[in-house]
2 protein chains.
Amino acid sequence: MPQRYAYLGPQGTFTEAAMRSFPGADEAEHLPYATVPAALDALRRAEVDLAVVALENSVEGSVPTTLDELATGEPLQIVGEAHLPVSFALLVRPGTDLGDIKTVASHPHAQPQCRRWLAENVPHAEWRAATSNAEAAQHVADGHYDAALAGSFAAARYGLSVLAEDIHDVADAVTRFIALRRPGTPPPPTGTDRTTVVAFIGEDHPGALLEILTEFSMRGINLTLIQSRPTGAGLGSYLFWIELEGHVDDARVGEALMGLRRVCADVRFVGSYPRADQVRPEIRRGTHDQDFTEAAAWLASVRSGHA
Amino acid sequence: MPQRYAYLGPQGTFTEAAMRSFPGADEAEHLPYATVPAALDALRRAEVDLAVVALENSVEGSVPTTLDELATGEPLQIVGEAHLPVSFALLVRPGTDLGDIKTVASHPHAQPQCRRWLAENVPHAEWRAATSNAEAAQHVADGHYDAALAGSFAAARYGLSVLAEDIHDVADAVTRFIALRRPGTPPPPTGTDRTTVVAFIGEDHPGALLEILTEFSMRGINLTLIQSRPTGAGLGSYLFWIELEGHVDDARVGEALMGLRRVCADVRFVGSYPRADQVRPEIRRGTHDQDFTEAAAWLASVRSGHA
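Residues numbered from 1 in each chain as written. Chains lettered and ligands numbered in written order. Predicted model: local features only at pLDDT ≥ 70, side-chain atom pairs only at ≥ 80, totals over all residues. Heavy atoms only, no water.

Caption draft 1: View of the UniProt feature "site: Essential for prephenate dehydratase activity" (unreviewed entry) in chain A. All names here are of chain A. Under the present numbering, the feature "site: Essential for prephenate dehydratase activity" (unreviewed entry) in UniProt falls on Thr175. Note that Thr175 resides in strand β11 (residues 174–181). Taking relative accessible area as the criterion, Thr175 reaches 14% and is therefore assigned buried. Every residue in contact with Thr175, bar those within four places of it in the chain, is listed here: Ala54, Glu56, Asn57, Ala82, His83, Leu84 and Val86. (UniProt positions renumbered as here; feature names shortened; annotations may be inferred. Helix = DSSP H or I, 4+ residues; strand = E, 2+ residues; numbered from the N terminus. Buried < 20%, exposed > 50% of the residue type's maximum accessible area, 1.4 Å probe, protein only. Contact = heavy atoms within 4.5 Å.)

Structure (structure tokens):
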């Protein structure tokens, strides 16, 4: 039976494009969902085998809905990630010229990333919100709006023309998408992995964050993302979304996570998975797996008196 | 066959008094040695089963010879300690009065600890050095000097009288003695233990000491002594003599020592043994043995996918 992959729809979104980059996508059935929680709930209910959602955007930051769902909802596990350049196309009905454009529709996320381009090229056009860039394209096809900002891959699907491509205000901006499965054994280490955990601060106290950071820094573990969020359980109750270089099977990562587990009210493991950018961590003196193995053997010999 | 206990002699020294406080001393044969290295070498050569030497004095600090012997000589292991109050008696030949005293002999360590008392009570007496306080007493008995600063317990042995007791310039000053054996299984934890290690810094670098201190502080381990010493292998090569609260069998101590082992050029375990003052460490949230056990079980479940 083919696998079923969920994504934030409708068809033609960047999320669909990201989903198609994950292994097995070609053979899988693709199911669009209207919201991030709907896609994740479908995965939790086992209606699909994998779900793809956006986690962060290098211009606008993390996606709060995704973070909150994964931090405090029924657990799911990140098994992969994809980075897609933030680059839009201006889609119009065939025959439309720049001078004809009075309205431009897009998802609210797209507008700030194309603001300068719009001001320079269609200064008199008004912007209209859509629930997704794909829906904006649909509205253009239907004749409601004159142009849509969307991925160029959406043009064919909606019978539109690409009037301009590679539209973005910030060079090298990317959106990071994650592939999720129900909890299980993490994918094996590749040497270029990332690990995501959520650390819950029970009783807030001075130095709480430093305590957490020290668990990583003293084992030479580089963090790639840290973000505090309220847990929803009242003022003063908060969590840290933490991403780090390395795999939970690495000795240095394992010991740091055990340290976190000891000093935090709770820790949720969200996943260890290959990095899309394949950046290899610099492993500091004394933090290789064999250093931990050697130190454990030494301690055992000291304790038993066979040093 | 009775055990043989070595101590820094001659008979009548504070070290002998400390040695007599260790378990089994009553049944053991007592062998005085002229120097600390001689006593330790006798232990290394298995001529004795236990050796007692001074490690530090709360007025004058650590005893360099003892530190260096244990840090860089053939390994020995501390199995116990004793604290003796630093308090001297003025020993004279029977019939001598304070006014008759023109010379006072003692080990060089004793003189600074009694300087004020001497200035007030025998202001015109000259001080003479002896290789031990007991030897000073012998010189008084022989008629070479008029008085000796020594433990009051030395009086009977040398046929002298105690002219004054409880002589010390600093209240509550103590000398700390240690009992050593050849390396073996440490004495079992008592809940009020101390652990001694030597950390060798290979290539000196900024933050080397902070790295070491962090291994202990983040696991809530209190240090009771830290002292840097040259290793004798050239400028820039140095070691830290480190004493801490807890036993090598404690999970928090074990993990800290493994951390030290990973980040230092070398680590020598010198012993885990009951504290003479029976001070119980305050164990911080998240650093009890069961916290480490629980965290390890959690990590195992995460790695295997059975979380």
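Caption draft 2: Spatial organisation of the domain arrangement of chain A. Residue and element names in this part refer to chain A. For chain A, the domain assignment lists domain 1 (1–86 + 170–184), domain 2 (88–167) and domain 3 (186–307). When each unit is reduced to the centre of its C-alpha atoms, the spacing between domain 1 and domain 2 is 24 Å. Between domain 1 and domain 2, the contact holds 13 residues from the first and 15 residues from the second. Inspection of the domain 1/domain 2 interface yields one salt bridge. The closest approach of N and O atoms between Arg157 and Glu16, which form a salt bridge, is 3.4 Å. At the boundary of domain 1 with domain 2, the tally comes to three residue pairs in polar contact (both at pLDDT 80 or more). The element that contributes the greatest number of residues to the side of domain 1 that touches domain 2 is helix α1 (residues 14–19), accounting for three residues. Of the residues that constitute the side of domain 1 that touches domain 2, the class distribution is five nonpolar, five polar and three charged. (Domains from an automatic or database assignment. Salt bridge = Lys/Arg side-chain N within 4 Å of Asp/Glu carboxyl O. Polar contact = N/O pair within 3.5 Å; in protein donor to acceptor, adjacent residues only side chain to side chain. Nonpolar A, V, L, I, M, F, W, Y, C, P; charged D, E, K, R; others polar.)

Caption draft 3: Quick look at the pattern of salt bridges. Taken as a whole and assessed by the stated rule, the structure comprises 48 salt bridges over all chains. For the salt bridge of B:Arg45 with B:Glu47, the shortest nitrogen-to-oxygen distance reads 2.7 Å. Each of the salt bridges in this network shares a partner with another, and the network as a whole consists of A:Glu215, A:Arg219, A:Glu255, A:Arg262, B:Glu215, B:Arg219, B:Glu255 and B:Arg262.

Caption draft 4: Quick peek at unusual backbone geometry. Following A:Gly9, the chain continues to A:Pro10 via a peptide bond in cis, the omega torsion being 0°. Its place among the elements puts A:Pro10 in the loop between β1 (4–8) and α1. Of note, the phi angle at B:Gln278 is positive, near 55°, even though the residue is not glycine. With respect to the secondary-structure elements, B:Gln278 resides in the loop between β15 (266–274) and α9 (289–304).

Caption draft 5: A look at the packing of aromatic side chains. Throughout the structure, instances matching the rule amount to six aromatic pairs over all chains. When the ring of A:Tyr238 is compared with that of A:Phe240, the centres are 5.3 Å apart and the planes differ by 85°; the resulting orientation is edge-to-face. When its relative accessible area of 18% is taken as the criterion, A:Tyr238 is described as buried. Note on A:Phe240: relative accessible area 6%, which makes it buried. Measuring from centroid to centroid gives 5.3 Å for B:Phe14 and B:Phe88, while their planes differ by 80°, and the two rings are edge-to-face. Taken together, the residues span a long stretch of sequence, with B:Phe14 in helix α1 (residues 14–19) and B:Phe88 in strand β6 (residues 88–92) at a distance of 74 residues. By relative accessible area, which is 15% here, B:Phe14 ends up buried. Judged by relative accessible area, B:Phe88 falls into the buried class, the value being 5%. Pairwise contacts between aromatic rings join A:Phe14, A:Phe88 and A:Phe153 into one cluster. Above the face of the A:Phe292 ring, B:Arg262 is positioned so that its terminal group lies 3.8 Å from the ring centre. (Phe/Tyr/Trp six-rings, centres within 6.5 Å; stacked < 30°, edge-to-face > 60°. Lys NZ or Arg CZ within 6 Å of the ring centre and 35° of its normal.)

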